[in-house]
Amino acid sequence: MSLEFLLQNVINALQWGSFYALIALGYSMVYSILMLFNFTHGDIFMTGTYIGLGVATGLLALSGAMGIVLPGWLLLAMTIVIAMFLTSFVGVAVERVGYRPLRDAPRASAAITGLMIGIMLEYGNLAILGTQRLLFPPIIETVTYNIFGVFVTNKKIVIVAVALSLMLALHLFIQKTRWGMAMRAMSFDFQVVPLMGVSINLIAPMTFAIGSALAAAGGILYALAYPVLDPFMGILLGWKSFVAAILGGRGSILGAALAGFLLGFIEVFVPIVFPSTFRDLIAYSIILLILTFRPYGFFGQAHSTQLRL
Amino acid sequence: MSLLRVTDMTHFFGGLRAVYRYNLTLAPGEIRGLIGPNGAGKTTIFNLITGIHTPSRGTVALEGRNIVGLRPHEIATRGLGRTFQNMLLWRHMTVLEHVRMAHYAQLQYGLFGAFFGSPRRYAEEERVEANSLRLLRIFDVERYARQIVTSLPYGAQRRVEMARAMATRPKVLFLDEPTAGMTPEELTQMIGIIRKIHQEFQVAILLIEHRLKFVMELCQRIQTLVFGEVIAEGTPEEIKNNPEVIEAYLGKEEVA
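Residues numbered from 1 in each chain as written. Chains lettered and ligands numbered in written order. Predicted model: local features only at pLDDT ≥ 70, side-chain atom pairs only at ≥ 80, totals over all residues.

As annotated in an unreviewed UniProt entry, chain B carries the name ABC transporter ATP-binding protein and is attributed to Desulfatitalea alkaliphila.

As recorded by an unreviewed UniProt entry, chain A carries the name Branched-chain amino acid ABC transporter permease and is attributed to Desulfatitalea alkaliphila. Among the UniProt annotations of chain A, the heading Sequence similarities (unreviewed entry) holds the following wording: "Belongs to the binding-protein-dependent transport system permease family. LivHM subfamily." Of the comments in the UniProt record for chain A, the one headed Subcellular location (unreviewed entry) reads "Cell membrane". (UniProt positions renumbered as here; feature names shortened; annotations may be inferred.)

Enquirer: Outline the overall build of chain A, listing residues and values.
Expert: Of the regular secondary structure elements, chain A holds 10 helices and 4 strands. For chain A, the succession of helices and strands along the chain, N to C, is α-α-α-α-β-β-β-α-α-α-β-α-α-α. Against the compact-globule benchmark of 19 Å for 309 residues, chain A has a radius of gyration of 19 Å, which places it among compact chains. Its C-alpha atoms put chain A at 55 × 50 × 40 Å along the principal axes. When the 309 residues of chain A are sorted by exposure, 49% land in the buried category. (Helix = DSSP H or I, 4+ residues; strand = E, 2+ residues; numbered from the N terminus. Rg over C-alpha atoms; globule rule 2.2 N^0.38 Å. Buried ≥ 20, exposed ≤ 12 C-beta atoms within 10 Å, placed from the backbone.)

Enquirer: If you had to explain the UniProt feature "transmembrane region" (unreviewed entry) in chain A to someone new, which residues and values would you point to?
Expert: UniProt's entry tags residues 20-37, 49-68, 74-94, 115-136, 156-174, 195-225, 256-275 and 281-299 of chain A with the feature "transmembrane region" (unreviewed entry), counted in the numbering of this structure. Note that residues 156-174 of chain A is 100% helix and 0% strand, and that its end C-alpha atoms are spaced 27 Å apart.

Enquirer: Residues and numbers for the confidence of the model for chain B, please.
Expert: Scored by pLDDT, chain B has a mean of 88; 97% of the residues are at 70 or more. Interface predicted TM-score (ipTM) for the complex: 0.81; the corresponding pTM is 0.88. (pLDDT = per-residue confidence, 0-100.)

Enquirer: Give a detailed account of the nonpolar core, specifying residues and quantitative values.
Expert: One recurring pattern in soluble globular proteins is that nonpolar side chains are buried together. Counting 162 residues, the largest nonpolar core has A:Ala21 and A:Ala217 as its most contacted members. For this core, the element with the most residues is helix 7 (residues 200-225) of chain A, which contributes 16 residues. Taken domain by domain, the makeup of this core includes at least three residues from each of domain 1 (4-79 + 170-255) and domain 2 (93-155) of chain B. Every residue in contact with A:Ala21, bar those within four places of it in the chain, is listed here: A:Ala163, A:Met167, A:Ala244, A:Ala256, A:Ala257, A:Gly260 and A:Phe261. (Core = buried A, V, L, I, M, F, W, Y, C linked by C-beta atoms within 7 Å. Domains from an automatic or database assignment. Contact = placed C-beta atoms within 7 Å.)

Enquirer: For the sheet that holds strand 10 (residues 229-234) of chain B, give the residues involved together with the corresponding values.
Expert: The strands making up a sheet associate through hydrogen bonds between their backbones, and the pairing can be parallel or antiparallel. Residues and elements named next belong to chain B. Strand order in the open sheet formed by 6 strands is 6-7-8-3-9-10, and the pairing between neighbours is mixed. Sheet topology places strand 6 (80-82) and strand 10 at the edges, where each strand pairs with a single neighbour. Direction aside, neighbouring strands of the sheet carry axes that sit 20° apart on average. Two strands pair when backbone bridges link them, and strand 6 and strand 7 (residues 172-176) are joined in this way by 3 bridges, in the parallel orientation. The residue bridging Arg 82 from the neighbouring strand is Phe 174, located in strand 7. (Pairing = 2+ DSSP bridges. Axes fitted to C-alpha atoms, helices over the stretch in contact; angles between N-to-C directions.)

Enquirer: Could you give an account of the interface of chain B and chain A, with specific residues and numbers?
Expert: Taken together, the contacts link 20 residues of chain B with 18 residues of chain A. Contributing elements (two or more residues each) for the side of chain B that touches chain A: helix 2 (72-77), strand 6 and helix 3 (95-101) of chain B. Broken down by element, the side of chain B that touches chain A gets its largest block of residues, 4 residues, from helix 2 of chain B. Residues of the side of chain B that touches chain A, tallied by class, amount to 12 nonpolar, 5 polar and 3 charged. (Nonpolar A, V, L, I, M, F, W, Y, C, P; charged D, E, K, R; others polar.)

Enquirer: Quick rundown of the environment of B:Phe12? Include the residues and the values.
Expert: All names here are of chain B. In this structure, Phe 12 sits in strand 1 (residues 4-13). Separated by 122 residues in the primary sequence, Phe 12 and Arg 134 have C-alpha atoms spaced 42 Å apart. Aside from chain neighbours lying at most four places away, what touches Phe 12 is Arg 17, Ala 18 and Ser 56.

Enquirer: Requested: an account of the environment of B:Gln157, with residues and values cited.
Expert: Residue and element names in this part refer to chain B. Looking at where Gln 157 falls in the secondary structure, it is placed in helix 6 (residues 154-167). Between the C-alpha atoms of Gln 157 and Ala 40, which are 117 residues apart in sequence, the distance is 26 Å. If near-sequence neighbours (up to four positions away) are discounted, Gln 157 is found in contact with Met 87, Leu 89, Val 149 and Leu 152.

Enquirer: Outline the UniProt feature "domain: AAA+ ATPase" (unreviewed entry) in chain B, listing residues and values.
Expert: Per the UniProt annotation, the sites labelled "domain: AAA+ ATPase" (unreviewed entry) are residues 28-237 of chain B. For residues 28-237 of chain B, the helix share is 42%, the strand share is 18%, and the end-to-end C-alpha distance is 22 Å.

Enquirer: Mind laying out helix 4 (residues 107-129) of chain A, listing which residues take part and the relevant values?
Expert: All names here are of chain A. The end-to-end C-alpha separation of helix 4 is 33 Å, in line with the 33 Å expected for 23 residues at 1.5 Å each. Of the residues making up helix 4, those classed as buried are Ala 110, Thr 113, Gly 114, Ile 117, Gly 118, Leu 121, Glu 122 and Asn 125. Of the surrounding secondary structure, the elements contacted by the buried residues of helix 4 are helix 2 (41-65) and helix 3 (72-99). Once helix 4 finishes, Gly 130 follows within two positions and takes phi at roughly 85°, a positive value. (Expected span 1.5 Å × (residues − 1).)

Structure below.
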C-alpha cells in the first residue's frame, strides 16, 4: 500500500467521519440532558438536508432573478446558516410535541414516539415532494488538487473544515456560555438546576435545536458529496451515527465526535482488505467487539449521562 | 411584614396525608428550625414551598405575592434558595463552576453577545467570577476552586452546596439537614458559617435538622412536625421541655 493511497483513504475517512460525527453529536447531547435517545434524529438529518435543498434552490433563483452571480462559497455558507436555523425549529417542534408530554413517562414510550415521528417525517416528505429523488443543486464547482499524488477535492476540504469548526463552536458554547453550563448541570439532575433560575423548558428545546442544526449542516455537507436525496436517506446514516454516539460513550460530546471519525475510518479501510460487500458486516463486528470490552464506550461510565468534553 | 407566609398548607400524595394545615411566618433575617422524626413531612414542606410539588390546599406568599403554582425556576428567581438532604452536586464540575452556574439568572447577555464576545458579556462574567470567589472564601472552600467537586472532603462538599445556594441571592434559604454526616468539628464550623451568612446577607433561614444541639444553638423558634402536623412551636427552651416533643422523639427511638 503506497503512502499516496493511504492518505487518499484518510481523506475519505475524514469526510465520512464528519457526517457521522455531526449527526452523532445530536444524539449525545439530547441523551445526556434528557436521558433519551432521540430516534427521530436520523430523519431530522434528512429533513435538514431537504431544507438545505430548498434554501439553496431559493437562493439560486433569487440571485438569478436579481441578475447577480453570488460566489459558490458564499451561497454555500448562506445555505448552511439558513438551513441550520430553520431545521432547529424542526427539533424544537419534535421536543415540544413528541417528548415534552412524555418527560415523566417510561423511556420506552418516548423512544417509540420518536420512531413514529421519524416515520411521519419520511412519509410526509414522500407525500409532499413525491417519489422521485431530488438532486441537490451544484452550488460549488468541484476543483481537484493534486498534492504530491494525493487527489483532494475542494468539497472534501470544505466538508471536513466546516464539520470541525462547528464542533469547536459547540465546544465553546457548552464550556463558556451560561446555557452550555446549564446543559452540563442538567445532565446530572432536574431538581437543582431550576433552583438556579434555569427553565428546563428553555434548555431542553435549545438542546434539540442545536442537535438538529448540526444534523442539517451534516446533511448539506453530505449532499455536497452525494447530491441525490431521498426521504429514507436518514435511516442508515442515522443508525450508524447512533452507533457512533454509543461508541463514544453515552452523553459524551468529545466521544461522539471521535467515534464518528473512527467509524469513518473503519468503513473506509475495511473494504481495502475485504470485499466491499463485506464492509458494514465487518465494520460493525469490530464495533460490537469494542463495545464488548468497553460497554460504556470510550468516554462513558456506568450509569453516567454527563455531558462531558 | 413577613417575608414568607404559608397559610393552612395541606398536601396529599394519593390517599396519604403528607402535610396537614401547615402554617409558617418567616420574618426577614429570622432563623427557624423544623424538626421531627423521619417521614414526618419536613422535606415535603420544602418541596411544596419551592414548587417541586403544588400543595393540594393552602397559600404560600413570598414578600406578599402568591407563589403557589409557579414553576421551581420562577420561585427560585424570586428569592427562595435551598439545599438538599442528599446534596445534589454536579459531580464532574469544578467547585467554581458550581457557584458560577448559580449566577445564571443574574446574567443578561444574549446569544449574540455570547458568540461574539460583547463587552457586556465580559463585564458580567468578570463580576460573576469575583462574586463566586468571594462566596467560596466565605464558605472556606476557596482553595478547592478549580477541583472537581467530588474530590473534596464531605464537609467541604456540603459547604459548596450552600455557597451555590447563596449565589442565587436568596432572601429566604431552606437548608435540608445541613450537617448530615458531618464530623463534630465540621458541625461547629457550620454553625459559624450559618451565623456569618445570616449576618452578612440578612437572609432568613428555615432549616431541617436532626441534631437538636445544632437547632437549639442557631434557631430563634422551632417547629416540631409529626405525621405532617405541627405539634409544637416555640423557643428552643419551650421545645426542649415540651412533653409531646419528647414523646415523639422517644417514640421514634422505641421503634428503632
